[in-house]
Amino acid sequence: MLFRATRGNMLFNQTPSDEEIMDPSTSEMVEKNVFVVFFSGEQARTKILKICEAFGANCYPVPEDITKQRQLTREVLSRLSDLEATLDAGSRHRNNALNAVGYSLTKWMTTVRREKAVYDTLNMLNFDVTKKCLVGEGWCPTFAKTQIHEVLQRATSDSNSQVGVIFHVMHAVESPPTYFRTNKLTNAFQEIIDAYGVARYQEANPAVYSVVTYPFLFAVMFGDWGHGLCLLLGALYLLARERKLSKQKLGSFMEMLFGGRYVILLMALFSIYCGLIYNEFFSVPFHIFGGSAYKCRDTTCSDAYTAGLVKYRDPYPFGVDPSWRGSRSELPYLNSLKMKMSILLGIAQMNLGLILSFFNARFFGSSLDIRFVLVVFLSSHAPVSKTTGMTYVFVMCHQILLLLLAFIAVPWMLFPKPFALRKIHMERFQGRTYGLLGTSEVDLDVEPDSARSHQEEEFNFSEIFVHQLIHSIEFVLGSVSNTASYLRLWALSLAHSELSTVFYEKVLLLAWGYENILIRLIGVVVFAFATAFILLMMETLSAFLHALRLHWVEFMGKFFHGDGYKFKPFSFTLISDDDE
């Protein structure tokens, strides 16, 4: 454009800038080209300025005198130097200020969050009529009433308040929140129970019993004292670094492990105990508590380990006899042992749930539930001995009696309670039926929770009967299905044992049979990885989840309502970084 406008009577040179330059009008970083134009005459000057203005170029005059040009260059360089010094000083000052703020920022943020939490709580209070004091209602543990009263009196004294503190207990209509005092050991078990549901106020707390039953049922499925020792080492590591890890910000997986460190500890101890009963150390039996109760029947089988053995002395003092290992009857024997043990453990835990249900009903004064609902629907299969005829007859009669009681229990649970509730309702409201007056002065918009609303309630017998029918069916079916559900103890215990045997015999022993050191090393590495990732991680998680299911459904389903809500007191320690 300049060439055409001046008919070629000019000299033009340009170069792009090395760096992007911030546009002062838009504060954006843009690319710039620096150019210089030499021309002759005022008319050319006018055309060039108009073209540059049309293209948005910034024009800077250059003196014709060489001396003035050098002076102008020195002034520009001086100004640039001053600006750079000013910018450097500003950057240093900004960095120093930010560093100083950085040391106190966390403290300030914590203070702000606490202040906001205090004001948020104060906003829940109401002014009294005189506007001179605040009135609030809240929940507190019974054991903390004296302490709260003393703190309020001390706060009144320290603040020189003219109005004294009035603290007294009120009777609320709604159900209070649930609060259990826990420690490091019991807190993780309480969290497991609360994940299913928070206990109703004054309801029996399953966490008290789960501290023992949960790791024990886990160990029944995970019984191997070698694997138990590995879990114990992991738990002891978490406990040894407890103080240090509690102050660090951990990842989600590590935080979960650290929170359940005492659960892992108990699971490890019970696994060692059950492993000693099963006599399995990475699937290998040991003569820990003495020699075997079996030996070879004659000299022809002196080297036999799996056949031709007879019992010659008292049974092995503790756990499974090591001679069962590798015998032809090993699997049928362990199957029978673990299956019967699983059923017995299941019946014991479900009966514990029914006993807790009885105490719940007695505490809340529900006599109907005690008389017509708490019926134990468990028929045990006693072992039958074919050698003693009288014992066989007695056992059969006992089983028939239990079966008859089970059939009687079904209608006993179904029919009496709805009719008893109907009778109680009729006795309560007999002679109290009133109608509304047909005048305009009567307020027909009755509040749903008012006394009049409760007085006009009708007893829906069909709804109560259907509800009891569903409850009876669930109870009967659950008594059978829940008992069968405990067979998972047998299945997982057998699977864990067989997997350990496969890894030991088909990996470690197979590799050890070769003379090549490299093959042996590979066998050891494969065995170690299979034990760590499959048996110690996947099997641990599997047994953990199955034990969780047995507690949530089979055990807690017998007595636990779980429809309460947690007590959440005001506490600075409970304020998280995400709370606003």
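Residues numbered from 1 in each chain as written. Predicted model: local features only at pLDDT ≥ 70, side-chain atom pairs only at ≥ 80, totals over all residues. Heavy atoms only, no water.

**Student:** It is not clear to me how the overall build of the protein chain should be interpreted in this structure. Could you clarify?
**Tutor:** Regarding its fold elements, the protein chain presents 18 helices and eight strands. For the protein chain, the proportion of contacts with a sequence separation of at least 24, taken over those separated by at least 6, is 69%. When the accessible surface of the protein chain is totalled, it reaches about 40,400 Å², and 61% of it is carbon and sulfur. (Helix = DSSP H or I, 4+ residues; strand = E, 2+ residues; numbered from the N terminus. Contact = heavy atoms within 4.5 Å. Areas by Shrake-Rupley, 256 points an atom, 1.4 Å probe, with all protein chains shown as cover.)

**Student:** Is there a simple way to explain the packing of aromatic side chains in this structure?
**Tutor:** The relative placement of two aromatic rings is captured by the distance of their centres and the angle of their planes. Counting across every chain of the model gives 21 aromatic pairs. Its guanidinium or amino end placed over the ring of Phe143, Arg181 lies 4.0 Å from that ring's centre, counting from NZ or CZ. The ring centre of Trp512 lies 4.8 Å from the NZ or CZ of Arg520, which sits over that ring. (Phe/Tyr/Trp six-rings, centres within 6.5 Å; stacked < 30°, edge-to-face > 60°. Lys NZ or Arg CZ within 6 Å of the ring centre and 35° of its normal.)

**Student:** It is not clear to me how the UniProt feature "transmembrane region" (unreviewed entry) in the protein chain should be interpreted in this structure. Could you clarify?
**Tutor:** Taking the numbering used here, the UniProt-annotated feature "transmembrane region" (unreviewed entry) corresponds to residues 216-239, 260-278, 341-361, 368-384, 390-415 and 517-538. In residues 216-239, the share of helix is 92% and the share of strand is 0%. The end C-alpha atoms are 21 Å apart. Within the segment residues 260-278, helix and strand shares are 95% and 0% respectively, and the terminal C-alpha atoms sit 26 Å apart. (UniProt positions renumbered as here; feature names shortened; annotations may be inferred.)

**Student:** Got a minute to help me understand the pattern of salt bridges in this structure?
**Tutor:** Where side chains of opposite charge bring their charged atoms close, a pairing between them can arise. Throughout the structure, instances matching the rule amount to eight salt bridges. With a closest N to O distance of 3.5 Å, Lys566 and Asp194 form a salt bridge. Taken together, the residues Lys566 in the segment after α18 (517-555) and Asp194 in helix α5 (residues 184-196) connect sequence positions 372 residues apart. The exposure class of Lys566 is partly exposed, given its relative accessible area of 35%. What emerges from the salt-bridge pattern is a single network uniting Lys184, Glu242 and Arg261. (Salt bridge = Lys/Arg side-chain N within 4 Å of Asp/Glu carboxyl O. Buried < 20%, exposed > 50% of the residue type's maximum accessible area, 1.4 Å probe, protein only.)

**Student:** Would you mind going over the packing of helix α11 (residues 330-363) against helix α16 (residues 461-485) with me for this structure?
**Tutor:** Packed helices, taken two at a time, are described by the angle between their axes plus the distance between the axes. Between α11 and α16, the least distance of the axes is 9 Å, while the angle of their chain directions is 145°. On α16, the residues touching Ile343, Ile347, Met350 and Leu354 of α11 are Phe475, Asn482 and Thr483. The residue makeup of the contact of α11 with α16, split by class, is five nonpolar, two polar and no charged. (Axes fitted to C-alpha atoms, helices over the stretch in contact; angles between N-to-C directions. Nonpolar A, V, L, I, M, F, W, Y, C, P; charged D, E, K, R; others polar.)

**Student:** I'm lost on unusual backbone geometry in this one. Help?
**Tutor:** In most cases, non-glycine residues show a negative phi, while peptide bonds are predominantly trans. The phi angle at Arg7 is positive, at roughly 55°, despite the residue not being glycine. Within the fold, Arg7 resides in the loop between α1 (2-5) and β1 (10-16). Phi angles above zero are rare outside glycine, and Asn279 is one such case at about 55°. In this fold, Asn279 is placed in the loop between α10 (261-278) and β7 (294-296). With a relative accessible area of 5%, Asn279 lands in the buried category.

**Student:** What should I look at first to understand helix α2 (residues 42-54) in this one?
**Tutor:** Each α-helix winds once per 3.6 residues, and so residues spaced three or four apart point in a common direction. Along its 13 residues, α2 runs 18 Å from first to last C-alpha, staying within 8% of the 18 Å computed at 1.5 Å per residue. Among all positions of α2, only Ala44, Ile48, Ile51 and Cys52 are buried. The arc that holds every buried residue of α2, seen down its axis, measures 100°, which confines them to one face. Exposed residues on α2 whose side chains face more than 90 degrees from its buried face are Glu42, Gln43, Lys50, Glu53 and Ala54. In this fold, the buried residues of α2 make contact with α1 and β4 (33-39). The positive-phi residue at the C-terminal boundary of α2 is Gly56, with phi of around 75°. (Expected span 1.5 Å × (residues − 1). Arc of directions from axis to C-beta.)

**Student:** What am I meant to see in a nonpolar patch on the surface here?
**Tutor:** A grouping of Ile517, Leu518, Leu521, Ile522, Val525, Val526, Phe529, Phe533, Met537 and Met538 is seen on the molecular surface, where their side chains present a nonpolar patch of about 1,000 Å² in accessible area. Here Val526 is to be found in helix α18. (Patch = residues over 30% accessible without salt bridge, like charges linked within 9 Å, V, L, I, M, F, W, Y side chains within 5 Å.)

**Student:** Can you help me understand the packing of helix α6 (residues 207-222) against α10 in this one?
**Tutor:** Remark: α6 packs on α10, axes separated minimally by 8 Å, with the N-to-C direction vectors making an angle of 45°. Comparing their axes, α10 and α6 come out oblique. Remark: the crossing between α6 and α10 carries right-handed chirality. On α10, the residues touching Val211, Val212, Pro215, Phe216, Phe218, Ala219, Val220 and Phe222 of α6 are Leu266, Met267, Phe270, Ser271, Tyr273, Cys274 and Tyr278. (Parallel < 35°, antiparallel > 145°, perpendicular 65-115°, else oblique. Left-handed = near helix turned anticlockwise from the far one by under 90°.)

**Student:** In this structure, what is going on with the nonpolar core? I would like to understand it.
**Tutor:** Generally speaking, nonpolar side chains in soluble globular proteins are found buried as a group. Among the nonpolar cores identified, the biggest contains 47 residues, and Phe218, Tyr486 and Leu489 are the most heavily contacted of them. Top contributing element to this core by residue count: α10, with ten residues. Core analysis: the next-biggest nonpolar cluster, separate from the first, contains six residues, Leu2, Met10, Ile48 and Cys52 among them. (Core = buried A, V, L, I, M, F, W, Y, C linked by side-chain atoms within 4.5 Å.)

**Student:** Hey, could you run me through the environment of Lys558 in this one?
**Tutor:** Turning to its location among the elements, Lys558 is positioned in the segment after α18. Separated by 202 residues in sequence, Lys558 and Leu356 have C-alpha atoms that sit 8.2 Å apart. The contacts of Lys558, once residues within four sequence positions are left out, are Met350, Gly353, Leu354, Ser357 and Asn482.

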